[in-house]
Amino acid sequence: MNLRRDGGRPLVIGHRGAAAVAPENTLAALEAAVAARADLVEFDVGADLTLAHSHRERPAERLDLDAALEFLRAHDIGVHLDLKEVGVEREALDAIDRHGLRGR
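The structure reproduced in this document is the subject of the present report. (Residues numbered from 1 in each chain as written. Predicted model: local features only at pLDDT ≥ 70, side-chain atom pairs only at ≥ 80, totals over all residues. Heavy atoms only, no water.)

A separate point is the sheet that holds strand β3 (residues 78–83). Spatially, 3 strands are ordered β1-β2-β3 in an open sheet, and the strand pairing comes out parallel. In this open sheet, the two strands that pair with only one neighbour each are β1 (13–15) and β3. Put simply, the sheet's adjacent strands are angled 25 degrees from each other on average, direction ignored. In the sheet, strand β2 (residues 40–45) pairs with β3 via 6 bridges, with the strands oriented parallel. (Pairing = 2+ DSSP bridges. Helix = DSSP H or I, 4+ residues; strand = E, 2+ residues; numbered from the N terminus. Axes fitted to C-alpha atoms, helices over the stretch in contact; angles between N-to-C directions.)

Bringing the side chain of Thr 26 into the picture now. Examined against the element boundaries, Thr 26 turns out to sit in the loop between β1 and α1 (27–35). From its side chain, Thr 26 meets the backbone oxygen of Pro 23 in a polar contact 2.5 Å long. (Polar contact = N/O pair within 3.5 Å; in protein donor to acceptor, adjacent residues only side chain to side chain.)

Our next topic: unusual backbone geometry. Leaving glycine out, the prevailing phi sign among residues is negative, and the prevailing peptide bond configuration is trans. Backbone geometry at Asn 25 places phi at a positive 60 degrees, although glycine is not the residue there. Here Asn 25 shows up in the loop between β1 and α1. Under the relative-accessibility criterion, Asn 25 is labelled buried at 0%. Phi angles above zero are rare outside glycine, and Leu 49 is one such case at about 60 degrees. (Buried < 20%, exposed > 50% of the residue type's maximum accessible area, 1.4 Å probe, protein only.)

All right, on to helix α3 (residues 89–98) then. Among all positions in α3, only Ala 92, Ala 95 and Ile 96 are buried. Buried residues of α3, viewed axially, fall in a sector of 100 degrees; they line one side. The secondary structure elements touched by the buried residues of α3 are α2 (65–73) and β3. Once α3 ends, the next one or two residues include Gly 100, with phi positive near 65 degrees. (Arc of directions from axis to C-beta. Contact = heavy atoms within 4.5 Å.)

Quick look at the pairing of β2 now. Buried residues dominate β2, accounting for 6 of its 6 residues. What you see with β2 is no split at all: Leu 40, Glu 42 and Asp 44 on one side and Val 41, Phe 43 and Val 45 on the other are buried throughout. Bridge count between β1 and β2: 3 bridges; the pairing is parallel. Considered in β2, the bridge of His 15 is made with Glu 42. Following the chain from β1 across α1 to the adjacent parallel β2, one finds a crossover that is right-handed. (Right-handed = clockwise from strand over helix to strand, strands pointing away.)

Right under this line is the structure:
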């Protein structure tokens with residue numbers, strides 16, 4: 001994915017999915033980012049590899065990293081994981097590789 005912009009439209013990044021239009025860090029937010037034709041989607045990953053900004057800010061709809069990556073794999077969108085806990089790096093990278101998303 002080319003993230004360089006040479007005069008075309010600006011780079012569009014969905015923050016926590018598309019938190020302005022759907023509950024953050026949920027499948028609905030990821031779907032909204034894809035529907036909005038974002039170039040890249042950022043979301044938070046907690047210690048148990050579920051999407052959440054923090055223990056206090058867990059969405060009612062719990063979504064795990066594998067389910068999120070499985071959904072995103074089918075769409076032409078970049079993926080940025082914001083790991084909220086130290087020690088989950090290897091598991092997160094393994095999940096990225098399982099879904100063939102390294103480099104996106």
